[in-house]
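Next come the chains, spelled out residue by residue.
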Amino acid sequence: MDVDFVCVGFGPATAGFLTTLTRAMQQDPTAEHFQSKTMPGMPLQVICYERADDIGFGVSGIVTEANGIKQAFTAEELSKIPMAHPVKHEEVYYLLDPVGASRRCWVLKLVDRLFRTFGFILPWYKDQAFQLPFIPPFMAKHGGWVFSMGQFTQWLGSNLMGSGLVQVWPGMPVKEPLFDSNRVAGVRLVDQGVEKSGKPTASFMPGMDIHAGFTVIGDGPYGSVGQNLDTKLGLPEGNHQREWALGMKAVVELPENTKLEPGTVIHTFGFPEPEIFGFLYVYPNHMASLGIFVPSWLDNPMRSAYRYLQHWIQHPKLWKHLEGATLKSWGAKSLQEAGMRGEPFIVGDGFARIGEGSGSTNMLKGSGVDEAWTTGVQLAEGMIQLLKEKKAFTKENLEATYLKSRRASWVEKDNRVAKKARDGFSHNFVLGMMGMGLAGFTNGILNIPAKLKPVYDRIPSLENYYKGKVTSETIEKARKEANATNTSMHDALMDASGWPKIQYDGKLLISHQDALLLGGKVQAADGYADHVIFMDAGKCQKCRTKVCIEMCSGQAITAGSDGGVPLFDREKCIHCAACLWNCVYAREEGSDLTNVDFRSGSGGLHSNIN
């Protein structure tokens, strides 16, 4: 099929691109430059393919200054988005460890002891949490908005489809880009009618080729088109994508008697492990988003985000607000935290990249949606300029329009400040926090320098991590039990290292498997190949850590009876891609990629409410 523009992935970046383009087309519908080259007499033929079965299935709370978004919509328009609300109140807390199981360095142990001893004289210390007396300006979101990602993208998608100028096709995973020499000439959809191994069946239908005059790539940090481009083109010299995090998130209905007002924003750090950050955003009608971020520099092979989330929820500072709440939706997503340093080649002949996969996320500010939206707007404005000037979509022309605008914008300015702000975490948590403060208050002039390692070089063995807390015999017993039952080890080892068992209440605190039923519905259509691949079976056979199993958000990856290559059940996979970077083996020498490959596939998490 031939189109003028094809977009891959429907998120805030692509929505910003399509909103800006269609508004211009509506204002001047008869303009020659908005006429299709593939279908003469018709307006530009613009199509977008999204892997998820609906455009609103992303479970995520958003707090944003909304600098770019507020330029596109009035406050009245934004208020019409379900669950949206202006930010009214912000709090940041350092959480002490109320259970005594958290891994804390001597500095934090000393800080905790001082708070417990003298905290009664501090107005900011209560419920084993210390509230920062002021919020650093680079973190503050006052004047911004809280959104639900699902509701936000549904609202944007409805507006775009209602224009009649854009086709958005969910449930259509894209396999790879098409090349005409070095020019991107469109995309190829995933094959259908195949076995899980990819072997064709009697109903085989090869993925359709979508030929396009221009390809917009907004498929995030682990989208198949972006991954293919990075493999073919490499990354700019000095850039890397070694910093990741898993965001595990939920939407809950707060108790009727909650004292939390809509627009309240709470951020935490320090518990359940010092490196794990948390958030709680309050929407209208007693609804809230909450979650934690488990980073790649948490040097813990048992980094179970789901169990850590439940310990975080039960911290006294949060539990007083959440006790009696009901889980309505749940999910997870990997975040590329390298930011500007993970920037790929953004433009080339026939293509441009926008959003998180283009390195736009600002981890100093903890902000990505507004930046992604703005890059989409900038690309659309550049494309409109090229259309008016009848110039080709070459790398040179895209650099002179889109890339020039992006480099001169607030997105670039803020990201330069954030570029090395979190390097200190590669040493330890304390230096990481100091580095963020240095960078934030000096506009990026000062930071804590570090040589960043690939994720697989950071993860210690189970025996080394639990030395002094859990015996090697207990670890081996847990390993054998996981293999025999096709499960995981983290519950046994967290129990053994002092973490209290979760007391389920059937509403908010529920088992991991129940979350797959109550917090959403996982679907994986027949006829598609498995999208999680263990590249080298020999490496899996040697592995005794199996971080891919412990980190899996949906328990879709489990131990095999022989302890070798893990089992994969895509009926439980929620497409968070944690497995892509949670592996102790490199794919090949010198590569930042691991032995796990995450490809394009169908399905994902269908949430009850987003």
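Residues numbered from 1 in each chain as written. Predicted model: local features only at pLDDT ≥ 70, side-chain atom pairs only at ≥ 80, totals over all residues. Heavy atoms only, no water.

*Asks:* I keep staring at unusual backbone geometry and nothing clicks. Help me out?
*Replies:* The phi torsion of most residues other than glycine is negative, and most of the peptide bonds are trans. Cis geometry marks the peptide bond from Phe271 to Pro272; its omega dihedral reads 10°. Mapped onto the secondary structure, Pro272 falls in the loop between strand 16 (264-269) and strand 17 (277-282). With a phi close to 55°, Gln555 is a non-glycine residue in the positive phi region. Turning to its location among the elements, Gln555 is positioned in the loop between helix 18 (547-551) and strand 24 (557-558). (Helix = DSSP H or I, 4+ residues; strand = E, 2+ residues; numbered from the N terminus.)

*Asks:* How should the pairing of strand 2 (residues 46-49) be read in this particular structure?
*Replies:* If a strand is regular, its side chains alternate between the two faces of the sheet. Of the two faces of strand 2, the one lined by Val46 and Cys48 and the one lined by Ile47 and Tyr49 are each fully buried. Where strand 1 (residues 2-8) and strand 2 come together, four bridges link them in parallel fashion. Each residue of the ladder has a partner; that of Val6, found in strand 2, is Ile47. One ladder, built from three bridges, connects strand 2 with strand 9 (residues 167-169); its direction is parallel. Residue pairing for strand 9: Cys48 is matched across the bridge by Val168. (Buried < 20%, exposed > 50% of the residue type's maximum accessible area, 1.4 Å probe, protein only. Pairing = 2+ DSSP bridges.)

*Asks:* Help me understand the side chain of Arg422, please; the structure alone is not making it clear to me.
*Replies:* Its location among the elements puts Arg422 in the loop between helix 11 (410-418) and helix 12 (429-441). Assessed through its relative accessible area of 9%, Arg422 is described here as buried. For Arg422, the contacting residues outside a window of four places in its chain are Trp297, Glu337, Met363, Leu364 and Met436. (Contact = heavy atoms within 4.5 Å.)

*Asks:* Would you explain the packing of aromatic side chains in this entry?
*Replies:* Centre-to-centre distance and the angle between the planes together describe a pair of aromatic rings. Counted by the stated rule, this structure contains 27 aromatic pairs. Arranged with centres 5.4 Å apart and planes meeting at 75°, the rings of Phe138 and Phe441 form a pair that is edge-to-face. Of the two residues, Phe138 sits in the loop between strand 7 (129-131) and strand 8 (145-148) while Phe441 sits in helix 12, which places them 303 residues apart along the sequence. Note on Phe441: relative accessible area 49%, which makes it partly exposed. The interplanar angle of 85° and the centroid separation of 5.6 Å between the aromatic rings of Tyr222 and Phe598 together place this pair among those described as edge-to-face. With Tyr222 in the loop between strand 14 (209-217) and helix 6 (224-233) and Phe598 in strand 26 (residues 596-598), this residue pair connects regions lying 376 residues apart in the sequence. The cationic tip of Lys232 hangs over the ring face of Phe179; the distance from NZ or CZ to the ring centre is 4.7 Å. (Phe/Tyr/Trp six-rings, centres within 6.5 Å; stacked < 30°, edge-to-face > 60°. Lys NZ or Arg CZ within 6 Å of the ring centre and 35° of its normal.)

Interpretation in functional terms is not warranted from these geometric data alone.
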